[in-house]
Amino acid sequence: MHFGKTVSAGLRAVAGAAVVSTLGLALPAAAQTDITVAVPNPSAITWAPMWAAIGEGYFEEEGLNLDVQAVDGSSQVLQAMSAGQADIGAPGPGPVLGARARGLDVVFIYNLYPKSVFGLLVEADSDFNEPTDLEGRVIGVGTADGAEVSFARAILTDAGMSEGEDYTFLPVGDGGTAAVAFLRGDVDAYAGAVSDAAILANRGLDLREITPEPYLAFFGNGYAALQSYIDENPEVIEGFGRALVRGMRFIADPANEETALDHMAAGNPQEGEDREFAASLLAAVVERMTPTEAYIAEGYGYQPPEHWETWQQSLLNGGDLEAPFDDLTAGYSNDWIAGWNAE
């Protein structure tokens, strides 16, 4: 498959470089392991801890050289992993469970967005106040099979509505193309991520959220790898997670905001052109990435088992899964969390 836009050619080139010892002799630098990370959109701020860890050299210190590739949605992330074109990916939990149901042994290893990354959005001056108000309407989504589709479908199913009969999804992309869809009247609502909402607001669309309260607790995208890759490369998984947690701690410190924004701009220069907007988006992302009070002590990346149960039940209710898993826990792991978060 053809990857989307290349967001980064990787970290600073260090493999094979020389370092000077205290005796003045040139010694070979430690070899770096190249890994490809697939993300479902080209935003750097959406994946802020990773880009902060790249910019601060945390991955380099772990012996890892990242090549970050942007594809179109969680489905393509999983396809890239399945085809061996990505070692680690950042899909949503819904698509991960769907892929496991189809036989792909993918394992969610890091919960990047412990608070829901998605929302059901309508124009501020519309008459829509709850999901049932969208009966007979068109709901815009970024891609036809993205994680936001599973999220929105679960909400509407719980509201007693059926896709194709009571509402319709229309893939309209994100950012500017989604804004155009709203302005032309192609869509009446939009199911998207926190980054999409910020971008649409920056394009002059005043939106408000009508997501039912229980769904705000659904966690969003995180990092995953195939079980075979994990088994063959445990040192990569350990190093990747350690660097990622350090990157999260970096962006969570307000004192690092300006430097963090510089790192984000290096990952996506266009996103960094509007510094004020980038700062606003980064603040929103950090808030969604910070665990709730109930789980903060578990550390960054922790996955509450009951939240996976909730996701599974919603997918069953919406018809995205035909049957519950015999062992849901095989699809996610908290085994590395304590080590990654150790000071």
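Note: the structure precedes this text.
Cut-off values and rules
Residues numbered from 1 in each chain as written. Predicted model: local features only at pLDDT ≥ 70, side-chain atom pairs only at ≥ 80, totals over all residues. Heavy atoms only, no water. Buried < 20%, exposed > 50% of the residue type's maximum accessible area, 1.4 Å probe, protein only. Helix = DSSP H or I, 4+ residues; strand = E, 2+ residues; numbered from the N terminus. Pairing = 2+ DSSP bridges. Axes fitted to C-alpha atoms, helices over the stretch in contact; angles between N-to-C directions. Contact = heavy atoms within 4.5 Å. Expected span 1.5 Å × (residues − 1). Core = buried A, V, L, I, M, F, W, Y, C linked by side-chain atoms within 4.5 Å. Salt bridge = Lys/Arg side-chain N within 4 Å of Asp/Glu carboxyl O.

Caption draft 1: Fine view of helix α1 (residues 48–56). Extensive coverage of α1 is indicated by the burial of seven of its nine residues. All buried positions along α1 are accounted for by Ala 48, Pro 49, Met 50, Trp 51, Ala 52, Ala 53 and Ile 54. Of the residues one or two after α1, Gly 57 is the one with positive phi, at around 80 degrees.

Caption draft 2: Structural detail: the sheet that holds strand β10 (residues 189–193). Across the sheet, five strands lie side by side as β9-β8-β10-β7-β11; this open sheet has mixed pairing. The sheet is open, and its two borders are formed by β9 (167–171) and β11 (207–209), each paired with just one other strand. Looking at each pair of strands side by side, their axes are set apart by 35 degrees on average, direction ignored. Where strand β8 (residues 137–141) and β9 come together, five bridges link them in parallel fashion. The partner of Val 141 across the bridge, within β9, is Pro 171. Relative to the sheet, helix α6 (residues 176–183) contacts β7 (118–123), β10 and β11, its axis offset from that of β10 by approximately 165 degrees.

Caption draft 3: Up close: the pairing of strand β3 (residues 33–39). Burial analysis of β3 places five of its seven residues in the buried class, which makes it a mostly covered element. In terms of strand pairing, β3 meets strand β4 (residues 64–70) through seven bridges, oriented parallel. In the sheet register, Val 37 faces β4, and the bridge partner there is Val 68. Direction of pairing for β3 relative to strand β5 (residues 88–89): parallel, over a ladder of two bridges. Paired with Val 37 across the strands is Ile 88, a residue of β5.

Caption draft 4: Highlighting helix α5 (residues 147–158). Between the first and last C-alpha of α5 there are 17 Å, a value that for 12 residues agrees with the 16 Å anticipated at 1.5 Å per step. With 10 of its 12 residues buried, α5 lies for the most part within the structure. Looking at α5, one finds that the buried residues are Ala 147, Glu 148, Val 149, Ser 150, Phe 151, Ala 152, Arg 153, Ala 154, Ile 155 and Leu 156. Just beyond α5, the residue with positive phi is Gly 160, at close to 85 degrees.

Caption draft 5: Main features of the nonpolar core. Grouped together as the largest cluster of nonpolar side chains are 103 residues, with contacts concentrated most on Met 50, Phe 59, Leu 66, Tyr 110, Tyr 223 and Phe 240. For this core, the element with the most residues is helix α9 (residues 234–252), which contributes nine residues. Of all hydrophobic cores here, the second largest spans 11 residues; its members include Ala 178, Ala 179, Leu 200 and Leu 205.

Caption draft 6: Expanded view of the pattern of salt bridges. Per the counting criterion, the structure on display carries 10 salt bridges. Across the pair Asp 262 and Arg 275 runs a salt bridge whose closest N-O atoms are separated by 3.0 Å. Here Arg 275 lies in helix α11 (residues 275–289) and Asp 262 lies in helix α10 (residues 257–267), a separation of 13 residues in the sequence. A cluster of three or more residues bridged by salt bridges with shared partners is formed by Arg 153, Glu 163 and Asp 320.

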